[in-house]
Amino acid sequence: SRAYTSGKQWYQRRVRGTQLRCHINTDVRYMQLGLTMGLKENIEKTSSTLGRNAVYVKTSNVNRLPSYLTINFIRFFYKEKENINAKVLKDIKFPMEYDAFELCTPELKEKLAPGRDQFEAIRQKKIEKELSGKDIKNKHDLAKEDNKEVRYEPHSFPDDTGSSNSGYYELQAVLTHQGRSSSSGHYVAWVRHKEDNWIKCDDEKLSIVKDEDVLKLSGGGDWHVAYTLLYGPKRCPIWEEDSKEDKKEEPVVPEMEKME
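About the criteria used
- Residues numbered from 1 in each chain as written.
- Predicted model: local features only at pLDDT ≥ 70, side-chain atom pairs only at ≥ 80, totals over all residues.
- Heavy atoms only, no water.
- pLDDT = per-residue confidence, 0-100.
- Contact = heavy atoms within 4.5 Å.
- Pairing = 2+ DSSP bridges.
- Helix = DSSP H or I, 4+ residues; strand = E, 2+ residues; numbered from the N terminus.
- Buried < 20%, exposed > 50% of the residue type's maximum accessible area, 1.4 Å probe, protein only.
- Arc of directions from axis to C-beta.
- 1 Å grid on protein atoms, 1.4 Å probe; cavity = no way out; pocket = protein on both sides within 12 Å on 5 of 7 lines; lining within 4 Å.
- Points joined across faces, edges and corners; volume = space filled by probe spheres on them.
- Nonpolar A, V, L, I, M, F, W, Y, C, P; charged D, E, K, R; others polar.
- Core = buried A, V, L, I, M, F, W, Y, C linked by side-chain atoms within 4.5 Å.
- Expected span 1.5 Å × (residues − 1).
- Bend = angle between axes of the 7 residues up to and from the residue.

With that settled, consider the confidence of the model for the chain. Of the residues in the chain, 80% reach a pLDDT of 70 or more, and the chain-wide mean stands at 82. Predicted confidence for residues 242–253 stays below pLDDT 50, and this span has 6 contacts to residues more than four positions away or in other chains. Across residues 255–260, confidence stays below pLDDT 50; counting only partners more than four residues off in sequence or on other chains, it has 1 contact.

The next thing to look at is the pairing of strand S10 (residues 168–178). Across 3 bridges, strand S9 (residues 97–99) lies against S10 in antiparallel orientation. The partner of Glu97 across the bridge, within S10, is Glu170. Strand direction decides the pairing type here: S10 and strand S14 (residues 225–233), joined by 8 bridges, are antiparallel. Paired with Tyr169 across the two strands is Pro233, which belongs to S14. As paired strands, S10 and strand S11 (residues 186–194) are joined by 6 bridges and run antiparallel to one another. Considered in S11, the bridge of Val174 is made with Trp190.

Another point: helix H1 (residues 31–38). Along an α-helix, residues three or four apart share an orientation, since each turn contains 3.6 residues. Restricting attention to buried positions, one finds in H1 the residues Met31, Gly34, Leu35 and Gly38. Taken around the axis of H1, the buried residues stretch over an arc of 100°, which confines them to a single face. Those residues of H1 that are buried are in contact with strand S3 (20–22), strand S4 (40–47), strand S6 (69–73), S9 and S14.

Moving on to empty space enclosed by the protein. Using the criterion set out here, one finds 1 cavity of 30 Å³ or more in the structure. Taken as a whole, the largest cavity encloses approximately 40 Å³ of empty space. Lining the largest cavity are Gly115, Gln118, Phe119, Glu153, Pro154, His155, Asn165, Ser166, Lys234, Arg235 and Cys236. When its residues are assigned to classes, the lining of the largest cavity shows 3 nonpolar, 5 polar and 3 charged.

Moving on: the nonpolar core. Core analysis: the largest hydrophobic core is formed by 35 residues, its most contacted members being Met31, Ile71, Phe94, Leu229 and Tyr231. Of all the secondary-structure elements, those providing two or more residues to this core are S3, H1, S6, helix H2 (106–132), S10, S11 and S14.

Compared with the 39 Å implied by 1.5 Å per residue over 27 residues, the 38 Å span of H2 between its first and last C-alpha is a close match. Of all the bends found along H2, the most pronounced is centred on Ala113 and spans about 45°, while Pro114, a proline, follows it within four residues. For H2, the complete set of buried residues consists of Leu108, Leu112, Gly115, Arg116, Phe119 and Ile122. A positive backbone phi angle near 80° is found at Gly133, which sits one or two residues after H2.

Once that is clear, we can look at the pairing of strand S12 (residues 197–202). Two elements, S11 and S12, share 5 bridges in a ladder whose sense is antiparallel. Looking at the pairing, Ala189 lines up with Cys201 of S12. Joining the antiparallel neighbours S11 and S12 is a turn of 2 residues, in which Glu195 adopts a positive phi near 50°. Sheet topology places S12 next to strand S13 (residues 205–210); 6 bridges connect them, and they run antiparallel. Each residue of the ladder has a partner; that of Asn197, found in S13, is Lys210. What sits between the antiparallel neighbours S12 and S13 is a turn of 2 residues, in which Asp203 has the positive phi angle 60°.

Take a look at the structure:
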């Protein structure tokens, strides 16, 4: 993080964090803006240079991304008049797939480039397939047909187990809160099971829900509201083109022509 005053005095320090916070105000409608605002704040600190307290603008960037990323929505605030922790019910949209690239330092962005290029290569292959009409299949498609195990590229850096080497994520779980206060209400877990099927864990009761049901947990009323999100690594499948289809057969030369 880096902080500076209007007089351009600044200091820099490294802070270890375990989660990202999504701040909510009247301007925030989407998770990405709330996360960006959470990395920038005003703090008051004694300045030895100025000889007084000064207001610093603190700006933070991410220099390492974990394989599993936790995002906490700041939905509770203290109401002094009522002496309670109230809840922000505002609708804040969150995605099924998330790209954390814009939150990173320039150094980390450069380091993430090769991993992101692998996803871009797959995108290009899909475009080629659509334009040429060739049946180019990746391992995921083949596994569906032949019940084979899907093979993926590594999602962490070789020298940093548990990291993300692309910044791409897929939503894996949601923790919701139903109620108006942090001291009361009901918590429910929504966990991805397979593809677009999710398991709703409501105490001892389990039920199957779909992607669209999970996206409705963004808030806006007294229904279940997303409080904590867990994103896991978006896996990059290893592609393999159909060699039989792409291999050009050599013409058969008659024996007489060979002799000549």
